[in-house]
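Per-entry structural report
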Amino acid sequence: NLFTLPRGKAGVHFINEVARLILLFTDQTSWKDLSLSMVHVFIPLMLQKPSMNSKAKANAKFLALRLAKWSEGDLQSLMDEAREIQVRLSQLAKKKETS
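For helix H1 (residues 9-26), spanning 18 residues, the distance from its first C-alpha to its last is 25 Å, which sits close to the expected 26 Å at 1.5 Å a residue. Among the residues of H1, Ala10, Gly11, Phe14, Glu17, Val18, Leu21 and Leu24 are the ones counted as buried. Taken around the axis of H1, the buried residues stretch over an arc of 150°, which confines them to a single face. Each element contacted by the buried residues of H1 is listed here: helix H2 (32-47) and helix H3 (56-72). Phi turns positive one or two residues past the end of H1, at Gln28, with a value near 55°.

Written out as structure tokens, the structure is:
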């Protein structure tokens, strides 16, 4: 359910943010206790496919939008989007089982 990291600005921004979060841990900042947990949440949240058959261009667009939300601290919106995607995927799986 994760897409490959796109090349370009969004991919670079993603790598920079992961590196920043890891540095919060290695530099022994006040965020060190949370930073690795944030990495574990950040990666799947950012790289979740918006749909089963999404194309690379759409994935890059969604990644850029998600990174902007993350930078703004809009975690609620990111979680809402992730839940919506999971609901759609489970509905598709149920349809496949019944057919």
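We are not done yet, so read on.
Right, let's get into unusual backbone geometry. Phi is positive for Gln28, close to 55°, though the residue is something other than glycine. Along the chain, the position of Gln28 falls in the loop between H1 and H2.

This brings us to a nonpolar patch on the surface. Nonpolar side chains collect at one region of the surface, where Ile22, Phe25 and Leu36 lie side by side and expose about 220 Å² of accessible area between them. Residue classification places Ile22 among the partly exposed residues on the basis of a relative accessible area of 36%.

So, on to the packing of H1 against H3. Where H1 meets H3, the axes come as close as 9 Å, and the angle between the chain directions of the two elements is 40°. It follows from the interaxial angle that H1 and H3 lie oblique. Crossing of H1 against H3: the hand is left-handed. Contact residues: H1 offers Ala10, Gly11, His13, Phe14, Glu17, Arg20 and Leu21, while H3 offers Ala60, Leu63, Ala64, Leu67, Trp70 and Ser71. Classifying every residue of the contact of H1 with H3 gives 8 nonpolar, 3 polar and 2 charged.

Thresholds, definitions, all that
- Residues numbered from 1 in each chain as written.
- Predicted model: local features only at pLDDT ≥ 70, side-chain atom pairs only at ≥ 80, totals over all residues.
- Heavy atoms only, no water.
- Helix = DSSP H or I, 4+ residues; strand = E, 2+ residues; numbered from the N terminus.
- Expected span 1.5 Å × (residues − 1).
- Buried < 20%, exposed > 50% of the residue type's maximum accessible area, 1.4 Å probe, protein only.
- Arc of directions from axis to C-beta.
- Contact = heavy atoms within 4.5 Å.
- Patch = residues over 30% accessible without salt bridge, like charges linked within 9 Å, V, L, I, M, F, W, Y side chains within 5 Å.
- Areas by Shrake-Rupley, 256 points an atom, 1.4 Å probe, with all protein chains shown as cover.
- Salt bridge = Lys/Arg side-chain N within 4 Å of Asp/Glu carboxyl O.
- Axes fitted to C-alpha atoms, helices over the stretch in contact; angles between N-to-C directions.
- Parallel < 35°, antiparallel > 145°, perpendicular 65-115°, else oblique.
- Left-handed = near helix turned anticlockwise from the far one by under 90°.
- Nonpolar A, V, L, I, M, F, W, Y, C, P; charged D, E, K, R; others polar.

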